[in-house]
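An overview of the molecular structure
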Amino acid sequence: MTTLTVDTMTAGYGDVTVLTGVSFSVGAPGITAVIGSNGAGKTTLLRAISGLIRPASGSVTLNGQNLAGLAPDGFVAAGIAHVPEGRRLFAGMTVEDNLMMGAFSRRVPAAELQRDLDAIYAIFPRLGERRKQDAVSMSGGEQQMCAIGRGLMAKPKVMLIDELSLGLAPVAVDVLVAALRTVAADGLGLLVVEQDVAVAFDLASSIVVLDRGRVTRTGSSAEIAADPAVRAAYLGEA
Ligand code: ATP
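Here the residue numbering is sequential within each chain, running from 1 through the sequence in written order. Local features in this predicted model are restricted to residues whose pLDDT is 70 or higher, and side-chain atom pairs enter the listing and the counts only when it is 80 or higher, whereas totals over whole chains, interfaces and linings include all residues. The side-chain figures draw on all heavy atoms in the structure; neither hydrogens nor water molecules are used.

With that out of the way, let us pick up helix 1 (residues 42–49). Taken across its eight residues, helix 1 has six buried, putting it largely inside the fold. Taken from the residues just after helix 1, Gly-51 is the one with a positive phi, measuring 85 degrees. Accessibility here uses a 1.4 Å probe with only protein chains present; expressed as a share of the type maximum, an area under 20% marks a residue as buried, one over 50% as exposed, and anything in between as partly exposed. Put simply, DSSP marks the helices as runs of H or I at least four residues long and the strands as runs of E at least two long, and each gets a number from the N terminus on.

So, about the sheet that holds strand 1 (residues 2–13). An order of 2-1-4-5 is seen for the four strands of this open sheet, with the pairing classed as antiparallel. Across the chains shown, the open sheet's two edge strands, defined by having one partner strand only, are strand 2 (16–28) and strand 5 (65–66). Two strands qualify as a pair provided DSSP detects at least 2 bridges between them. In this sheet, strand 5 lies alongside strand 4 (residues 57–62) in antiparallel orientation, the contact comprising two bridges. Residue pairing for strand 5: Leu-62 is matched across the bridge by Gln-65.

Judged by which residues are buried, strand 7 (residues 158–161) turns out to be covered on both faces: Val-158 and Leu-160 on one side and Met-159 and Ile-161 on the other are all buried. Relative to strand 7, strand 6 (residues 80–83) runs parallel, the two sharing four bridges. Note that in strand 7 the partner of Ala-81 across the bridge is Met-159. Relative to strand 8 (residues 189–193), strand 7 is paired through four bridges, and the arrangement is parallel. Bridge pairing in strand 8 places Leu-160 opposite Leu-191.

Looking now at the domain arrangement of the chain. According to the domain assignment, the chain consists of domain 1 (2–79 + 156–235) and domain 2 (94–155). Domain delimitation in this document rests on an assignment produced automatically or drawn from a domain database. Spacing between the C-alpha centres of domain 1 and domain 2 amounts to 23 Å. Pairs of residues are marked as contacts when any of their non-hydrogen atoms sit within 4.5 Å. Across the boundary between the two partners, domain 1 contributes 15 residues, which contact 12 residues of domain 2. Buried area, as used here, totals the accessible surface that two parts lose on assembly, with accessibility defined by a 1.4 Å probe and the loss added over both. At the boundary of domain 1 with domain 2, total buried surface from both sides reaches about 1100 Å², with 83% on carbon and sulfur atoms. Taken as a group, Val-76, Pro-156 and Leu-176 account for 37% of the area that domain 1 buries against domain 2, more than any other trio of residues on that side. We define a salt bridge as a contact between a side-chain nitrogen of Lys or Arg and a carboxyl oxygen of Asp or Glu at a distance within 4 Å. Here domain 1 is connected to domain 2 by zero salt bridges. Definition of a polar contact: a pair of N or O atoms within 3.5 Å, with one able to donate and the other able to accept a hydrogen when the atoms are protein atoms, and with sequence-neighbouring residues admitted only if both atoms are side-chain atoms. Connecting domain 1 to domain 2 are two residue pairs in polar contact (both at pLDDT 80 or more). Those elements that provide at least two residues to the side of domain 1 that touches domain 2 are strand 7 and helix 7 (170–185).

Nonpolar cores were defined as sets of buried Ala, Val, Leu, Ile, Met, Phe, Trp, Tyr and Cys residues, with membership established by side-chain atoms within 4.5 Å. The biggest cluster of nonpolar side chains holds 49 residues, and the ones touching the most others in it are Leu-99, Leu-127, Ile-148, Met-159, Ile-161, Leu-190 and Ile-207. It is helix 7 that contributes the most residues to this core, eight residues altogether. The residues that make up this core include at least three from each of domain 1 (2–79 + 156–235) and domain 2 (94–155). The contact partners of Ile-207, leaving out residues within four places of it in the chain, are Ala-33, Ile-35, Ala-200, Phe-201, Arg-217, Thr-218, Gly-219, Ser-221 and Ile-224. Within the second largest apolar cluster, 29 residues are counted, among which are Leu-4, Leu-19, Ala-78 and Leu-210.

Set out below in C-alpha cells:
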C-alpha cells in the first residue's frame, strides 16, 4: 500500500497564494478525483505535488518520504508521474517515441522497456496500431491515451492526471476510464483532476472538493455525490 499525503500545503506563484492549508491523502491502489470550479487551484495542486512549483509551506510525502528536498527530476524517480493539462505531447515525434520519453529517467535494459511498451499497447491497442504515427496527428482521445501511456512508462507509484476528459468525445472518455480502472486495479494510485463531476463520481472511489484554494470536502464518491451542497454547486441542482 502506497500513500501520498498532502499536509497543510500552501502554494502559489510569487506573491499570489492559490492553495491554502490543503490536506488530503491518496491511497494506492485506488482512484481519487479532484473536483472544483474554474480557478479553484486544481492545476496548481497537481503542479505542487509533482514538483513543478514549490509549496510555500506544508508538505507532500510519499510513503513517509518528504518530497520537498528533491530536484524537479527527482519526483519522477520517487514515483510521481504527471500527465499535464493539454497532453503536451512532443510534436514531430511518433507515438512510440513519445511513450519512450516517459521512461527517460529509468536505467533498465531495452528488453524491459519493450515489455513495458507492449503492456501499454495491450491497455491501449489503438496506440499500438499507430505507434509509428506522429503523436499530435491523432485525435484528442488518442493523444490523451498517449499522454497517459507516457506517464505509465515512468513506472510511477502515483500518477497525476490533469483534466482527463476535457474536450474529448464520450466514447473516448469511456476508453480512458476503463484503462485507468485496469491500471489502478494493478496497483497504481491515481489522482485525477476532472471538471465533469459525473465522470469523476463514476471513475473515482474518493473525491477531494477544492473551492478557492481550500479543500472543503473529502470523502467517498458515494458520500460526496449525495451531498446536496455539492450537487447544487456542480450539478446545478436546486
Ligand atoms: P481551471 O479549471 O480553470 O484550469 P484550476 O482549478 O486548475 O482552474 P489553476 O489553473 O490552478 O486552477 O489556477 C488557480 C489560480 O492561480 C487562478 O487564479 C490562476 O489565475 C492562478 N494562476 C495559475 N497559473 C498561474 C501562474 N503561472 N502565475 C500566476 N497565477 C497563476
